[in-house]
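So you can see what is in the structure, the chains are spelled out below.
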Amino acid sequence: MPDRILVLNAGSSSLKFGLYQGLERNSPERVVKGQIEGISTRPRLRVRDAAGEIQVDEALGSAVRDGAGALASVERWLFAHFDRKALAAVGHRVVHGGQEYTCPTRVSPDVMRTLRALAPLAPLHQPFNLAAIDAVSGRLPDLPQVACFDTAFHRGHEPVADLVPLPREIRDRGVQRYGFHGLSYEHIASALPDVAPEIAAGRVLVAHLGSGASICALRDGRSVDSTLGFTALDGLCMGSRPGALDPGVVLYLFQALGMSVSEVEDVLYRQSGLRGISGISNDMRALLGNKDPAARLAVDYFVFRAAREIGALTAVLGGLDGLVFTAGIGENAAEIRQRICEASAWLGIELDAEANEMNGPRITTPGSDVSVWVIPTNEEL
Ligand code: ADP
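Residues numbered from 1 in each chain as written. Predicted model: local features only at pLDDT ≥ 70, side-chain atom pairs only at ≥ 80, totals over all residues. Heavy atoms only, no water.

Comments concerning the sheet that holds strand β7 (residues 105-106)
- The 8 strands are arranged β5-β4-β3-β2-β1-β6-β8-β7 in an open sheet whose pairing can be described as mixed. For this open sheet the edge positions go to β5 (54-59) and β7, each flanked by a neighbour on one side alone.
- In this structure, strand β2 (residues 15-21) lies alongside strand β3 (residues 29-37), joined through 7 bridges in antiparallel fashion. Bridging from a neighbouring strand, Y20 pairs with R30 of β3. (Pairing = 2+ DSSP bridges. Helix = DSSP H or I, 4+ residues; strand = E, 2+ residues; numbered from the N terminus.)

Next comes the structure, spelled out in C-alpha cells:
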C-alpha cells in the first residue's frame, strides 16, 4: 500500500522537495528534504535526512536548465534511494488559487486551465509551480497530484478586508485582495497551541519575512487580514518587490517615463525593494552590517514598513496578544527582529535580548504585555 507523499515547491531558480511517510496514521513525518538551487546557472542538489544530516551536496551538470530538468534529477536521486511503488501522490505548492480554490485540490486538465489563467497575477511563482505539475504529469503520469494554495488560508475574511475599491465591472473580473503565504501561516497557526498556547486562541500577528514578506492577522488561529493583496506586490518591503506603492507611481512610469508593460513588471517584481533601495542586493544577509548608506536605508525602510503594518493590523484585531516571526529573515536575523520590536514597543513589547540572540522560541520578557516568538515555518508539511 503506497504511503508516501512527495511534496514539491517549485520556484524560478529552485526546486524544493520533501518526502513524507505516515499517511495512514494521519501524522506525516519527513523522510528526506532537499532542493536544487541555481537552476539554469549553477545547479546544485542538496538533500538532508529526517535528522537534518546532509546526505548529498553536489553540483549538477549544466543539463539542469529548467524545472523539468531539475525534476528529472530529483526523480533520479529519489528512486535510487526509495521505492517508487511506495509513492501515493505528489503535493504541490501553488501560489494562486484565485476565487475558485479554497482548499487543496486534485489536479485535472480543468483545474490547470483555471490556474494558468491566474499566472499574470503571480508571474514570479505561478508559471513555475504549474511547470512542475506538467513535468510530473509527463514523467509520472499515473500519480495523483494535489495543488495546495497560498491564497486558500485567507478565504473567509470579512468582505471589507478583501475589497479592492474599484468599479463593480472591474471587481467582477476577480479583482480583490487574495493574500499569500497561506501555507506558512497555516503551519504557524497549527503550531501555536503547542509552542505558544497562551496566545493560540488570541489576537496574533505572524510576520513571514523571507524573500517575499507579509504579515497575517490571526484571530483564534484564523486569518482575518494580511498585507498582501491582489498580487504578491502589496504591503511590506521585500527582496526585490516594493510593497505598498501609490498606484499613481505606476501611471507615472507609463505616462511620463514611457516604460513598457514588461519594463514596469520587471521594476515591480525584480528591481525594487531591498535590491532597488540598496542598489547592492536583494539578500538581507548582504545588507546587514554593510556600512554603505544605501544598504542602511534599505534595512531602515524594511523595518519602518514592518512596524507600520504591525500597527495597522493591530487596529484590525482591536489589540494584540502575540507576534510571531518566521521565514528566512524572521527566523535568523536577530537584528531585524530587535529593531521591529523596538519600533513596536508602544504595543507593550519588551524584548529579551539574550533570547532574541538565541532565536527564541520566546523572545520577550515574562512581564511583556505582548509575547513575541520565533517559530520556523514548514510550508512543505
Ligand atoms: P524564500 O523561501 O522566499 O526564498 P526565505 O524564507 O528562504 O525566502 O528567506 C530568504 C531571506 O532570508 C533572504 O533575504 C536571506 O538573506 C534571509 N536570511 C537567511 N538567513 C539569514 C540570516 N542568518 N541572517 C539574515 N538574513 C537571513
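Alright, that's what it looks like, and here's the rest.
Overview of the packing of helix α2 (residues 109-117) against helix α3 (residues 126-139)
- α3 packs onto α2 with a crossing angle of 160 degrees between their chain directions and a minimal axis gap of 10 Å. Accordingly, the angle class assigned to the pair α2 and α3 is roughly antiparallel. Note that α2 runs across α3; the crossing there is left-handed. Where α2 abuts α3, its residues M112, L115 and R116 lie against Q126, L130, I133 and D134. (Axes fitted to C-alpha atoms, helices over the stretch in contact; angles between N-to-C directions. Parallel < 35°, antiparallel > 145°, perpendicular 65-115°, else oblique. Left-handed = near helix turned anticlockwise from the far one by under 90°. Contact = heavy atoms within 4.5 Å.)

Focus: unusual backbone geometry
- At the junction of G360 and P361, the peptide bond is cis and its omega measures out at 15 degrees in the coordinates.
- At H181, a residue that is not glycine, the phi angle is positive and equals roughly 60 degrees.
- Assignment of secondary structure puts H181 in the loop between α5 (168-171) and α6 (182-195).
- Even without being a glycine, N359 presents a positive backbone phi close to 65 degrees.
- Mapped onto the fold, N359 is located in the loop between α15 (353-357) and β13 (371-374).
- Taking the relative accessible area as the measure of exposure, N359 reaches 29% and is therefore partly exposed. (Buried < 20%, exposed > 50% of the residue type's maximum accessible area, 1.4 Å probe, protein only.)

Here's the deal with the environment of D57
- Inspection of the secondary structure assignment puts D57 in strand β5.
- The class of D57 is partly exposed, set by a relative accessible area of 35%.
- In this structure, the C-alpha to C-alpha distance between D57 and Q35, residues 22 residues apart in sequence, is 9.8 Å.
- Excluding anything up to four places from it in sequence, D57 contacts R44, L45 and R46.
- Looking at D57, its side chain comes within polar contact range of the side chain of R46, at 3.4 Å. (Polar contact = N/O pair within 3.5 Å; in protein donor to acceptor, adjacent residues only side chain to side chain.)

Describing the packing of aromatic side chains
- Tallying each qualifying case throughout the model produces 4 aromatic pairs.
- Each ring, one from Y301 and one from F304, has its centre 6.2 Å from the other, and the planes form 35 degrees; the classification is tilted. Of the two residues, Y301 and F304 both sit in helix α12 (residues 293-317), 3 residues apart, roughly one turn of that helix.
- We classify Y301 as partly exposed; its relative accessible area is 26%. (Phe/Tyr/Trp six-rings, centres within 6.5 Å; stacked < 30°, edge-to-face > 60°.)

A few points about the sheet that holds β13
- Pairing within the open sheet is mixed, and its 5 strands lie in the order β11-β10-β9-β12-β13. Of all strands in the sheet, those bounded by a partner on one side alone are β11 (222-226) and β13. Mean inter-strand twist for the sheet, computed between neighbouring axes without regard to direction, equals 25 degrees.
- Where strand β10 (residues 213-219) and β11 come together, 4 bridges link them in antiparallel fashion. Looking at the pairing, C216 lines up with S226 of β11.

Side note on the state of the cysteines
- In total, this model carries 0 disulfides according to the counting rule given.
- Here C103 stays free of any disulfide, with the sulfur of C148 as its closest cysteine sulfur at 9.4 Å.
- Residue C237 stays outside any disulfide, its sulfur separated by 18 Å from that of C341, the closest cysteine. (Disulfide = S-S within 2.5 Å.)

Remarks on α2
- Residues of α2 that are buried include every one of V111, M112 and L115, and no others. Within α2, the buried residues cover an arc of 95 degrees as seen down the axis, which keeps them to one side. More than 90 degrees from the buried face of α2, the exposed residues found are P109, R113 and A117.
- Contacts from the buried residues of α2 go to β6 (87-94), β7, α3 and β8 (145-149). (Arc of directions from axis to C-beta.)

Some details on the pairing of strand β4 (residues 44-49)
- Judged from the 6 bridges that link them, β3 and β4 form a sheet pairing that is antiparallel. Counted as the bridge partner of I36 is L45 from β4.
- Following β3, the chain reverses through 6 residues before pairing antiparallel with β4; G38 in that reversal takes a positive phi of roughly 70 degrees.
- Taken together, the 5 bridges between β4 and β5 define a ladder with antiparallel strand orientation. Bridge pairing in β5 links L45 to E58.
- In this structure, the hairpin formed by β4 and β5 is closed by a connection of 4 residues, where G52 is found at a positive phi of approximately 90 degrees.

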